[in-house]
Amino acid sequence: AGESSGPVPGDGAGPPATERVLFPPTFSVSEIKNKQRRHFMFLRWKQQQRKEKLALKKKRRKEREALGDKAPPKAVPKTIENQRVYDETTVDPNDEEVAFDEATDEFAPYFNRQTVPKILITTSDRPRGRTVRFCEQLATVIPNSHVYYRRGLALKRIIPQCIARDFTDLIVINEDRKIPNGLVLSHLPDGPTAHFRMSSVRLRKEIKRKGKEPTEHVPEVILNNFTTRLGHSIGRMFAALFPHDPQFIGRQVATFHNQRDYIFFRFHRYIFKSEKKVGIQELGPRFTLKLRSLQKGTFDSKFGEYEWIHKRREMDTSRRKFHL
């Protein structure tokens, strides 16, 4: 008499606490009324999910090692990028029409080495400290670039002066509430002009584990995933900002990486540790661009002819549809 029919909590019987199921199958964290308790239980649930995922991953790896060469090929994970909706304007490298357009467009003198890039970097009126520092750091990334401040001068008056002084490109950094939020890139003398929304700006001092200050060597340029005709034009605009022959001794590289129509800019220094390993240091600054419009000719907000304008309601109907 008096014997229990099962294990009593705390007497050492039963499975250890780490093996017990934390939540019943029908449990929902949202049913908990107390906010702190709900948050705590949610973190425990996420931790349990991670452990189960890691255990499954280890199990699959052991099974593959046991099967050896007979193991089935790894499944390709589904991502938004590899499920992208086909775009009929995707560029074929061997397309004669594309090759002819590139040989006769506004950037042909640069790619034929007839012109040397000379860049003017300016700002909106009365820039604040953060925008000023960003322009100064951007000038150390792009060789042969010069920073001048607007002082109330209209862009329509700046562009003829740039052309008269042999500038090949004009970059305008706009700001809102003391934060850089826009970039206008105009290729001189005949355009085109691209307007980007800028976000996630990080100056050098805000980057963790950054390298030393960049040197004056001409960097290498990497352009990733600019596959459509529009993306090809934007990629050529970025390429035309940098001189042709990079100085490899500087080991510096500027990257424009397009992913889901967001253009991520990074500036790194690299070093070869061995034949297979490469170490990189980010030098900064970093920022993200989103194309808003592409305009023929130089900047003209009233009478300019637009080649492409981002219309959110019409163009963003599918998450798998990209334009660059």
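Residues numbered from 1 in each chain as written. Predicted model: local features only at pLDDT ≥ 70, side-chain atom pairs only at ≥ 80, totals over all residues. Heavy atoms only, no water.

Asker: Teacher, can you tell me more about the side chain of T255 here?
Answerer: Along the chain, T255 falls in strand β7 (residues 252-259). A relative accessible area of 15% means that T255 is categorised as buried. Not counting residues within four places of it along the chain, the set of residues in contact with T255 comprises I222, N224, F264, F265 and R266. (Helix = DSSP H or I, 4+ residues; strand = E, 2+ residues; numbered from the N terminus. Buried < 20%, exposed > 50% of the residue type's maximum accessible area, 1.4 Å probe, protein only. Contact = heavy atoms within 4.5 Å.)

Asker: Can you help me understand the pattern of salt bridges in this one?
Answerer: Two side chains that carry opposite charge are able to pair once their charged atoms sit near each other. All chains considered together, the criterion is met by nine salt bridges. Taking the shortest distance from any N to any O, the salt bridge between R113 and D245 comes out at 3.2 Å. Taken together, the positions of R113 in the loop between α3 (108-111) and β1 (119-123) and D245 in the loop between α6 (229-239) and β7 put the pair 132 residues apart, joining distant regions of the chain. Classification of R113 by relative accessible area gives exposed; the value is 52%. A cluster of three or more residues bridged by salt bridges with shared partners is formed by E102, D105 and R236. (Salt bridge = Lys/Arg side-chain N within 4 Å of Asp/Glu carboxyl O.)

Asker: Looking at this structure, how should I read α6?
Answerer: Given 3.6 residues per turn, any residue in an α-helix points the same way as the ones three and four places further on. The buried fraction of α6 is high, at eight of eleven residues. Taken together, the buried positions of α6 are L230, G231, I234, G235, R236, M237, F238 and A239.

Asker: What is the right way to read the packing of aromatic side chains from this model?
Answerer: Applying the stated criterion across every chain yields a total of ten aromatic pairs. Taking the centre distance of 4.9 Å and the plane angle of 80° together, the rings of Y110 and F111 count as edge-to-face. Accessibility expressed as a relative area gives 33% for F111, which makes it partly exposed. Between F242 and F256 the ring centres are 6.3 Å apart and the planes differ by 70°, which places this aromatic pair in the edge-to-face class. Separated by 14 residues along the polypeptide, F242 in the loop between α6 and β7 and F256 in strand β7 bring together distant segments of the chain. Neither residue differs from the other here; F242 and F256 are each classed as buried. (Phe/Tyr/Trp six-rings, centres within 6.5 Å; stacked < 30°, edge-to-face > 60°.)

Asker: Is there a simple way to explain the domain arrangement of the chain in this structure?
Answerer: Many authors give the size of an interface as the accessible area that is lost as the parts come together. Here the chain is partitioned into domain 1 (29-68) and domain 2 (91-316). Using only C-alpha atoms to locate each centre, domain 1 and domain 2 end up separated by 43 Å. (Domains from an automatic or database assignment.)

Asker: It is not clear to me how the UniProt feature "domain: Brix" (unreviewed entry) in the chain should be interpreted in this structure. Could you clarify?
Answerer: Residues given the UniProt feature "domain: Brix" (unreviewed entry) here are residues 117-300. Note that residues 117-300 is 18% helix and 40% strand, and that its end C-alpha atoms are spaced 22 Å apart. (UniProt positions renumbered as here; feature names shortened; annotations may be inferred.)

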